[in-house]
Every structure is written in C-alpha cells, then in structure tokens.
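Each chain is listed here by its residues.
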Amino acid sequence: MSLSGKTAVITGSNSGIGLGIAHELAKAGADIVLNSFTDSDDDHKLAADLAKQHGVKVRYIKADLSKPDEARGLIAQAGVCDILVNNAGIQFVAPIDKFPTEKWDQIIAINLSSAFHTTAVALPMMRKAKWGRIVNISSAHGLTASPFKAAYIAAKHGIVGLTKTTALETAEEAITCNAICPGYVLTPLVEAQIPDQMKAHNMDRETVIREVMLDRQPSKQFATVEQIGGTAVFLCSAYADQITGTTISVDGGWTAL
Ligand code: NAD
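Overview of the structure. (Residues numbered from 1 in each chain as written. Predicted model: local features only at pLDDT ≥ 70, side-chain atom pairs only at ≥ 80, totals over all residues. Heavy atoms only, no water.)

1. Section: the packing of aromatic side chains
Here comes step 1: Using the criterion set out here, one finds two aromatic pairs in the structure.
Here comes step 2: With 5.5 Å between their ring centres and 85 degrees between their planes, Phe 92 and Phe 99 make a pair best called edge-to-face.
Here comes step 3: Owing to a relative accessible area of 26%, Phe 92 belongs among the partly exposed residues under this scheme.
Here comes step 4: The class of Phe 99 is buried, set by a relative accessible area of 12%.
Here comes step 5: Considering the side-chain rings of Tyr 184 and Trp 254, the 5.9 Å spacing of their centres and the 35 degrees angle between planes classify their relative orientation as tilted. Of this pair, Tyr 184 sits in the loop between β6 (175-182) and α6 (188-191) while Trp 254 sits in the segment after β7 (247-250); the two residues are 70 residues apart in sequence, bridging distant segments of the chain. Here Tyr 184 and Trp 254 have matching classes, each one buried. (Phe/Tyr/Trp six-rings, centres within 6.5 Å; stacked < 30°, edge-to-face > 60°. Buried < 20%, exposed > 50% of the residue type's maximum accessible area, 1.4 Å probe, protein only. Helix = DSSP H or I, 4+ residues; strand = E, 2+ residues; numbered from the N terminus.)

And the structure:
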C-alpha cells in the first residue's frame, strides 16, 4: 500500500508519537509536513534526515498551536493537506480546585481547539482533492477518566466528539475522520512524569512503571510510537475507506477493564 503523492501534515511532530507517525507515513510514501512551536536547527535537521531516510519530501513549519491563527496558518502554509494528523498535546496534573486557569486554557487550546482550526482549513483542500484522511490523536483518557487530569481528559473526550462530527459532515465524501486512543506510550511526555511519580510513591523506576503507570494497562507494556504510526497508516489505507467517526484503542487492554 502506497501513500505516494499524498501530503501529510502532522501537528506536534518533532518528538514522540507525532514523529513516530511521520516516520511510518513517510515509509508508506507520503510527503510530510513536520510541525512544532520551535524553529531550531534540530527541527530542520529532523526534516532533512526524515526526507533522506525515506526518499520523500519533508518540510518543517513552525506554528504555535495554542494560537488559532497559527493553527490555521500551518495548514494554509502547507498549501496541500491530504492527510491531517492532529497530534500536538501537553499535560498538566492538579486537582480541579487547584488547577491553574491558564493551564486549563492552554491544554484546551493545544489539545482540542487546534484540531478544530486545522480541520476547518484542511477540509476545503481535501474536498478539492476529492480524498482526505483526518487522524486525531486522542487517548485512553478520551474514553475513561483519572483524577487530577481534568483539562487533558476534557480535551481528549472533546477530540472524540469532534472526530464524530467531522466524520458525519464528510460521510458521503471520500474523506474519513477517526481517533486513535493510545494507552501509555514511552515518549518524552511520559518520561517526564516518571521522576515525579517515583518521588510521590517512593518507588524505583521499574516499580513505578509497572505498578503505577501501567497499573491500568493490562498488557503491562508501553505501546510504541511505531504501533501508533502503523495504526495511522492503516487508517489512511483503502482498507479503512469505510471506517469513519470511530475510535481505535492501542492501549494493551486498558479500556477493556
Ligand atoms: P511529546 O511531548 O513527545 O510530543 C508532543 C508534541 O506536541 C511535541 O512535538 C511538541 O513540540 C508539540 N507541542 C506542544 N505544544 C505545542 C504547541 N503549542 N504548538 C505546536 N506543537 C506543540 O508527547 P507525546 O507523548 O508524543 O504526545 C503526542 C500526543 O499523543 C499528545 O496529544 C498526547 O496527549 C497523546 N497521547 C500520548 C500518550 C503517551 O502515553 N505518550 C498516550 C495517549 C495520548
């Protein structure tokens, strides 16, 4: 299956799951637009290396997705967007009565509203091309909740709702929209939580991973960025032409509990 001739814009893709998805889509032949809010030499080197490794065109476009104009500008600047992967996301953990308002606003802006803005600009491009795929990265926390992650969980549930609405608005066209719901994937976002969890639970790294972080992941293994990327490639393939408006969990059994 080849995605040759298609261009994929992946938000928040200079790291973690976004970069993993970029690798898998590039391996399948798609040209790639990488994005983050930084504009460093490393970002542009990442794009050059990805292009070289997979023999596809790769651009890096800086856009701070907490800002609606920049989220819309990312897709406008890309100029073409056959595949849109809304992946950018951040986390903050605090009880609701102590949750800083600015953190709530930032998480809703980056993890939820940016996907509305990018989708709004990408859909006319997909309609013109008579084909499109939107893959939204939600979470096991888009289907279940945990304490102290109010903004993240609200945003990830919101992404599932946006996914369903987008799917219904495009149902008669060759455009699909689905959400991938990963369980824990060992990325910088998760790695950064380990020292705090070790301190909070007075446990060593291995114990905190198994008993705290993967407590709700029955497989007791992290999902990998390659597995998330492969799921995105499947959703972009012809096999998935009739899959729209749904969620696909890659969570080692978390949501079966
Ligand atoms: P990560 O921190 O490695 O990557 C997050 C990406 O978002 C980075 O590229 C970062 O630069 C980008 N980003 C952050 N703020 C941005 C902004 N204002 N504008 C543009 N880009 C911005 O984290 P990750 O674990 O790879 O997470 C990627 C997505 O997967 C997130 O939406 C996250 O919620 C989701 N997710 C992760 C896990 C997990 O266990 N890692 C589980 C479920 C869902």
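2. Description of the pairing of strand β2 (residues 31-36)
Here comes step 1: Burial analysis of β2 places six of its six residues in the buried class, which makes it a mostly covered element.
Here comes step 2: Burial along β2 is two-sided: the face carrying Asp 31, Val 33 and Asn 35 and the face carrying Ile 32, Leu 34 and Ser 36 are both buried.
Here comes step 3: Pairing of strand β1 (residues 7-10) with β2, which is carried by three bridges, proceeds in the parallel orientation. Bridged to Val 9 within β2 is Val 33.
Here comes step 4: Regarding topology, helix α1 (residues 16-27) serves as the crossover connection from β1 to the parallel β2, and that connection is right-handed.
Here comes step 5: Pairing analysis gives five bridges linking β2 to strand β3 (residues 58-62), with the strands arranged parallel. Bridge pairing links Leu 34 to Tyr 60 in β3.
Here comes step 6: With helix α2 (residues 41-54) bridging β2 and its parallel neighbour β3, the resulting β-α-β unit is right-handed. (Pairing = 2+ DSSP bridges. Right-handed = clockwise from strand over helix to strand, strands pointing away.)

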